[in-house]
Amino acid sequence: MIQLGEYTMMKRQMVQLDPNADFDTRKGQVNPKVTEYFLDKYGAKISLIWEPFGWIEHNQLIDLCEHRRKVVISYCLGSADKRSIVADSTKIAPHPLPVDAVIFHPPYFGSTAFTTDSQDLSNMTSWKQYMANITACAELAVASLAPSGLVCVVGRSYPKDGEKIRLDWHFANVFLGLNMELVEVYGSLPDVAMVLRKK
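Residues numbered from 1 in each chain as written. Predicted model: local features only at pLDDT ≥ 70, side-chain atom pairs only at ≥ 80, totals over all residues. Heavy atoms only, no water.

A. Representation of the pairing of strand β6 (residues 145-160) within the structure. Where strand β5 (residues 99-104) meets β6, five bridges bridge the pair, whose relative direction is parallel. Counted as the bridge partner of I103 is C152 from β6. This β-α-β element, β5 to helix α4 (residues 127-144) to β6, shows right-handed connectivity. Summarising the sheet, β6 and strand β9 (residues 191-198) pair through seven bridges and their orientation is antiparallel. Residue pairing across strands places V154 opposite A193, the latter belonging to β9. Here β6 runs beside strand β7 (residues 163-166); their pairing, made up of four bridges, is antiparallel. Note that in β7 the partner of K160 across the bridge is E163. Linkage of β6 to β7, two consecutive antiparallel strands, is achieved through a turn of two residues, within which D161 is found at a positive phi near 55°. (Pairing = 2+ DSSP bridges. Helix = DSSP H or I, 4+ residues; strand = E, 2+ residues; numbered from the N terminus. Right-handed = clockwise from strand over helix to strand, strands pointing away.)

B. Up close: the environment of F175. Summarising the element assignment, F175 is placed in helix α5 (residues 167-176). Among residues more than four places away in sequence, those in contact with F175 are F104, A138, A141, V142, V151, V153, M180 and L196. (Contact = heavy atoms within 4.5 Å.)

C. View of the nonpolar core. Ranked by size, the top nonpolar core spans 61 residues in total, and within it F38, F104, F175 and Y186 carry the most contacts. What F38 contacts, discounting residues up to four positions off in sequence, is G43, I46, A101, I103, L150, C152, Y186 and V195. (Core = buried A, V, L, I, M, F, W, Y, C linked by side-chain atoms within 4.5 Å. Buried < 20%, exposed > 50% of the residue type's maximum accessible area, 1.4 Å probe, protein only.)

D. Structural detail: the packing of α4 against α5. Closest axis-to-axis distance for the α4/α5 pair is 10 Å, and the angle between their directions is 45°. Judged on the interaxial angle alone, α5 and α4 are oblique. Crossing of α4 against α5: the hand is right-handed. Contact residues: W127, Y130, M131, I134, T135, A138, A141 and V142 in α4; L167, H170, F171, V174 and F175 in α5. Its residues assigned to classes, the contact of α4 with α5 shows 11 nonpolar, two polar and no charged. (Axes fitted to C-alpha atoms, helices over the stretch in contact; angles between N-to-C directions. Parallel < 35°, antiparallel > 145°, perpendicular 65-115°, else oblique. Left-handed = near helix turned anticlockwise from the far one by under 90°. Nonpolar A, V, L, I, M, F, W, Y, C, P; charged D, E, K, R; others polar.)

E. Molecular detail of unusual backbone geometry. Looking along the chain, the bond that leaves H95 and enters P96 is cis, with omega of 5°. With respect to the helices and strands, the residue P96 is situated in the loop between β4 (85-86) and β5. Here the residue pair L97 and P98 is connected by a cis peptide bond, since its omega of -5° sits within 30 degrees of zero. Relative to the elements of secondary structure, P98 occurs in the loop between β4 and β5. Of note, the phi angle at R69 is positive, near 60°, even though the residue is not glycine. Overall, R69 belongs to the exposed group, its relative accessible area being 80%. In this structure, S148 takes a positive phi of about 65° despite not being glycine. Structurally, S148 can be placed in strand β6.

Laid out in structure tokens, this is it:
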């Protein structure tokens, strides 16, 4: 596990990406340059990617990866993009296996509800239930990775009900507890991306 002080120091020193891009954080979107940076730096050995939490509208990650001749298995509980697969990523692993990388950007706790599905993380009001589902998906992700496979985890810190939720730090510790090692921290505020490698 990583201590909060150590992680905070890594965030202060992280690469900050240009925030000028077409995205809306209020809709749960992240700067597409976060994924571009990951693929440009680590993509040479990546052919097959799992996206457990695909976007409910047009999937920019699939567009980005098709341009780079990479295959994306994108799961979503309710998506208008027909290239996504309707599946619960907390219960169903990607197919085929193994995958070379996982792009892990779940709905944030307490965010706007994106679907009416009770299993959608954006609908969960219990922190314990939310983190149990995050952990279940992370376990499937790590088990699905090829040796030395990578996970790009995206999260952020934000206030909720008078408290600060350090979701990125919680996400990092879930994966570090699953035999992953932290390789890099970078981001486009308010979002932080963490690259972890399977040991």
